[in-house]
Amino acid sequence: MGSIKHECLDHFIAFGLGHLDLLVNAFAEHYHRARPHQRTENKPLVGVSPDLDDPPDRPEQVVCHESLGGVLKHYGRSAA
């Protein structure tokens, strides 16, 4: 509960239940598919994560994926 409160809900004013559902669903998607977790060796809970020992060759290979207007950010490799 602390993660969603501090990382998401502290940055928004929800205008009704529909808007709150949108915020919570977007955060849950980010939390499970993109956010690293220490218990899983800094890999997401679900989904694919790149090998941490294989850094990108060029800085252009790193892209920023934003959600919720830039509040939540995840950096990954660009598609070839």
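Outline the overall build of the protein chain, supporting the account with residue identities and numerical values.
Each helix and strand counted, the protein chain has two helices and two strands in total. Reading the protein chain from its N terminus to its C terminus gives the helix and strand order α-α-β-β. Within the protein chain, the fraction of its 80 residues that count as buried is 15%. Sequence separation of at least 24 residues holds for 27% of the intrachain contacts in the protein chain that already meet a minimum separation of 6.

Can you tell me about unusual backbone geometry, naming the residues and giving the values?
Despite not being glycine, Leu68 has its phi angle at roughly 55°, a positive value. Take Leu68: it is sitting in the loop between β1 (62-67) and β2 (72-77).

Go over helix α2 (residues 17-33) with me, naming the residues and quoting the values.
Spanning 17 residues, α2 covers 24 Å between terminal C-alpha atoms, matching the ideal 24 Å at 1.5 Å per step. By the burial criterion, the buried members of α2 are Leu23, Phe27 and His30. Looking down the long axis of α2, one finds its buried residues gathered within 60° of arc, a one-sided arrangement. Turned more than 90 degrees off the buried face of α2, the exposed positions are Leu17, Gly18, Leu22 and Asn25. Against the buried residues of α2 lie α1 (2-7) and β2.

Tell me what's going on with the nonpolar core, and back it up with residues and numbers.
Ile4, Cys8, Leu23, Phe27, Leu68 and Leu72 form the largest nonpolar core, which has six residues in total. Apart from the residues within four sequence positions on either side, Phe27 is in contact with Ser3, Ile4, Glu7, Cys8, Leu68 and Leu72.

How would you sum up the pattern of salt bridges? Please name residues and give values.
Under the defined criterion, the tally for this structure stands at one salt bridge. We note a salt bridge from Lys5 to Asp10, for which the minimum N-O separation is 3.9 Å. With a relative accessible area of 44%, Lys5 lands in the partly exposed category.

Describe the pairing of β1, and please don't skip the residues or the numbers.
Both β1 and β2 contribute to a ladder of six bridges, which runs antiparallel. Each residue of the ladder has a partner; that of His65, found in β2, is His74. Hairpin connection between β1 and β2: a loop of four residues separates the two successive antiparallel strands, and Leu68 in this loop has a positive phi of roughly 55°.

Before we move on, can you summarise a nonpolar patch on the surface with the specific residues and values?
Residues Leu17, Leu20 and Val24 make up a contiguous nonpolar surface patch of about 250 Å² in total accessible area. Here Leu17 is to be found in helix α2.

The rules we used
Residues numbered from 1 in each chain as written. Predicted model: local features only at pLDDT ≥ 70, side-chain atom pairs only at ≥ 80, totals over all residues. Heavy atoms only, no water. Helix = DSSP H or I, 4+ residues; strand = E, 2+ residues; numbered from the N terminus. Buried < 20%, exposed > 50% of the residue type's maximum accessible area, 1.4 Å probe, protein only. Contact = heavy atoms within 4.5 Å. Expected span 1.5 Å × (residues − 1). Arc of directions from axis to C-beta. Core = buried A, V, L, I, M, F, W, Y, C linked by side-chain atoms within 4.5 Å. Salt bridge = Lys/Arg side-chain N within 4 Å of Asp/Glu carboxyl O. Pairing = 2+ DSSP bridges. Patch = residues over 30% accessible without salt bridge, like charges linked within 9 Å, V, L, I, M, F, W, Y side chains within 5 Å. Areas by Shrake-Rupley, 256 points an atom, 1.4 Å probe, with all protein chains shown as cover.

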